[in-house]
Amino acid sequence: MSWNAWDIGYIKVAKGPLKPGSGLKKDLPETGDIHITGIVNHGGFMDFMVLQNTRLSLVMKMSETIADGLQYALWKYHRTGGKLLNPHMQ
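Residues numbered from 1 in each chain as written. Predicted model: local features only at pLDDT ≥ 70, side-chain atom pairs only at ≥ 80, totals over all residues. Heavy atoms only, no water.

A. The overall build of the chain, seen in detail. A tally of regular secondary structure across the chain gives two helices and two strands. Going from the N terminus to the C terminus, the chain shows its helices and strands as β-β-α-α. Relative to its full complement of 90 residues, the chain shows a buried share of 9%. Taking as baseline every contact in the chain between residues at least 6 positions apart, the subset at least 24 positions apart corresponds to 43%. Summed over all atoms, the accessible surface of the chain reaches about 7700 Å², with 61% contributed by carbon and sulfur. (Helix = DSSP H or I, 4+ residues; strand = E, 2+ residues; numbered from the N terminus. Buried < 20%, exposed > 50% of the residue type's maximum accessible area, 1.4 Å probe, protein only. Contact = heavy atoms within 4.5 Å. Areas by Shrake-Rupley, 256 points an atom, 1.4 Å probe, with all protein chains shown as cover.)

B. Region of interest: the packing of aromatic side chains. Tallied over the entire structure, the rule returns one aromatic pair. Between Tyr 72 and Trp 75, the ring centres sit 5.7 Å apart and the planes meet at 35°, which makes this aromatic pair tilted. In this pair, Tyr 72 and Trp 75 both sit in helix H2 (residues 56-79), three residues apart, roughly one turn of the helix. Of the residues examined, Tyr 72 reaches a relative accessible area of 48% and is grouped as partly exposed. (Phe/Tyr/Trp six-rings, centres within 6.5 Å; stacked < 30°, edge-to-face > 60°.)

C. Region of the structure containing the environment of Lys 61. Topologically, Lys 61 is positioned in helix H2. Looking at Lys 61, the relative accessible area reads 57%, which means it is exposed. Residues Lys 61 and Gly 9, 52 residues apart in the sequence, show an inter-C-alpha distance of 9.0 Å.

D. Inspection of the environment of Gly 38 at higher detail. Tracing the backbone shows Gly 38 in strand S2 (residues 34-38). Since its relative accessible area comes to 37%, Gly 38 is described here as partly exposed. In sequence terms Gly 38 and Tyr 10 are 28 residues apart; their C-alpha atoms lie 5.6 Å from each other. Contact partners of Gly 38, with chain neighbours within four places excluded, come to Tyr 10, Ile 11 and Met 62.

E. Fine view of a nonpolar patch on the surface. A cluster of nonpolar side chains, Val 13, Ile 36 and Leu 70, forms an exposed patch at the surface whose accessible area comes to about 260 Å². Within the element layout of this structure, Leu 70 appears in helix H2. (Patch = residues over 30% accessible without salt bridge, like charges linked within 9 Å, V, L, I, M, F, W, Y side chains within 5 Å. Salt bridge = Lys/Arg side-chain N within 4 Å of Asp/Glu carboxyl O.)

Read these as layout, nothing more, since geometry by itself doesn't imply function.
As structure tokens, this is what we get:
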């Protein structure tokens, strides 16, 4: 799947297993029940070369954003005594 320039930097949290290697069209086993993905570059011709030229600063900034979000969610979860933040989530 290719992405356009407007999608770069987008972070998505979703139900379902993580599909490692899908950005480079590799067939690896799926794992987990939920996943967090981030778009770090556009796809297309010569995906491996595009990925090699992705700015590390973008990847690091996105990983810090994801880590901060997880830290906040865990803090909030423990602060509320283990109650779900959204009662509609299972």
